[in-house]
Amino acid sequence: MDQIDGKPMDLRISEMFEELSHAREEVLPSKLWTQLNNQNVQQLESDGYENFKRTITKNYFTWVIGVMSPGIKSQYTYLWQHLPPITLLSVGLRTLFMGSHAEIPWKNAVSYNLLCRLGWAYALHSDAAQRVNVLTEPVEGNPFPITYNGKLISQDLSNSFLEYRSIMDAKIKTQSIRTVMELGAGYGRTGYVFLKLKPDIRYIVVDIPPALYVAEKYLSSQFADRRIFRFRPFQDYKTIAQEFEQAQIAFLLPHQLELLPDKSIDLSINISSLHEMLPEQVAYYLNQIDRLTHGYFYMKQWKQWFNSVDQLLVKEDYYPISQSWTRMFWRECAVQTLFFEALFAISVNHESTSPPRPTAGQTGWG
């Protein structure tokens, strides 16, 4: 059975859920995430951690649904419009001779293979510095065997690189980014790219179980040479300050953010999870980000998304962005055009308060 620090997976996840149960209301999972958590736990129990890239990743950000779904179709459209014809032809022909995947119907497998390869081709095509060549999809988690010029790749790897590029290529003081905090990090796909491409940073993963368990096991394994602060309950920052500040990768439950010092984060990130929260939860987390961050905040969310479980229609004006933040960009995402991405500069010189909600018609900004 999978273990961390000598503890079996089910016990380690139970410890995380037990600690989370003591959190305030705003931190507890919504009805939607309660359902997703149950599904994720069941898949980990039935298929094991060793296969998580074929199971729970499909509940996060891996697109293996039908060829004509809006999410797939919009990405194809963008890639067809932004890749050279010779690349489209070459990738398309090579994909026809790739094998299918047992867990996915043939038609969906072809769609998945093609989208992975076109996405990687776009990442290569759009990166003048060729940083993306440093990256290879780790075999841990048993990813679908998709290659590009002999390199193992994935949708998650190319998407994470594009997110990294959006942040690091903006007009920001990149040398000032030493500590990064990602809220809702999933299994750690974006953290993996940051830690590979900017190895001098400290990366703090914040999520609920079982995602926190998977991220802790995955990133600790991929970066075994780095100092790790593993999840544990604590009531006072002073009791863990020395170990936490010396760690290069740390793992926290969301309510533990409250115990971290003000303005101790250089870059905060949230990718595709704020829209899955209730309004009071979004306000709570943005207020914590405001308190903790003295550099930048990046978010990527659906332009419009209906939460059928909690009966919420979420649009771009859903997010109560503080008027004290400076917007650096708010734009449609490359490739995943049903999403928007935004980057803000957060000053160290203002007092953190709960930001007001925007009025109807505003796009997350006054």
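Heads up: the structure comes first, above all this text.
The model shown is predicted, which means the values in this text are computed figures rather than measured ones.

## Section: the pattern of salt bridges
Move 1: Enumeration over the complete set of coordinates arrives at 13 salt bridges.
Move 2: Salt-bridge contacts for aspartate 169 lead to arginine 131; the nearest nitrogen and oxygen are separated by 3.0 Å. With aspartate 169 in the loop between α6 (155–168) and β5 (179–183) and arginine 131 in the loop between α5 (106–126) and β3 (146–148), the pair connects residues that are 38 residues apart, well separated along the chain.
Move 3: Between glutamate 163 and arginine 189 there is a salt bridge whose closest N-O contact spans 3.0 Å. With glutamate 163 in helix α6 and arginine 189 in helix α7 (residues 189–197), this pair connects stretches of sequence that are 26 residues apart.
Move 4: The class for glutamate 163 is buried, based on a relative accessible area of 2%.
Move 5: You can call arginine 189 buried: its relative accessible area is 11%.
Move 6: When salt bridges with common partners are traced through the structure, they connect Arg12, Glu15 and Glu216 into a single cluster.

## A short note on the packing of aromatic side chains
Move 1: Tallied over the entire structure, the rule returns 23 aromatic pairs.
Move 2: Geometrically, the ring pair formed by tryptophan 302 and phenylalanine 339 is tilted, given 4.4 Å between the ring centres and 35° between the ring planes. Taken as a pair, tryptophan 302 in strand β10 (residues 293–302) and phenylalanine 339 in strand β14 (residues 339–345) lie far apart in primary sequence, 37 residues in all.
Move 3: The buried category is assigned to phenylalanine 339, whose relative accessible area is 1%.
Move 4: Members of the aromatic cluster, joined through ring pairs, are Phe297, Tyr318, Tyr319, Trp325, Trp330, Phe340 and Phe344.
Move 5: When the ring centre of tyrosine 148 is taken as reference, the NZ or CZ atom of arginine 94 above it lies at 5.1 Å.
Move 6: Across the ring face of phenylalanine 229, the terminal group of arginine 232 is positioned such that the distance to the ring centre comes to 4.0 Å.

Calculation rules
- Residues numbered from 1 in each chain as written.
- Predicted model: local features only at pLDDT ≥ 70, side-chain atom pairs only at ≥ 80, totals over all residues.
- Heavy atoms only, no water.
- Salt bridge = Lys/Arg side-chain N within 4 Å of Asp/Glu carboxyl O.
- Helix = DSSP H or I, 4+ residues; strand = E, 2+ residues; numbered from the N terminus.
- Buried < 20%, exposed > 50% of the residue type's maximum accessible area, 1.4 Å probe, protein only.
- Phe/Tyr/Trp six-rings, centres within 6.5 Å; stacked < 30°, edge-to-face > 60°.
- Lys NZ or Arg CZ within 6 Å of the ring centre and 35° of its normal.

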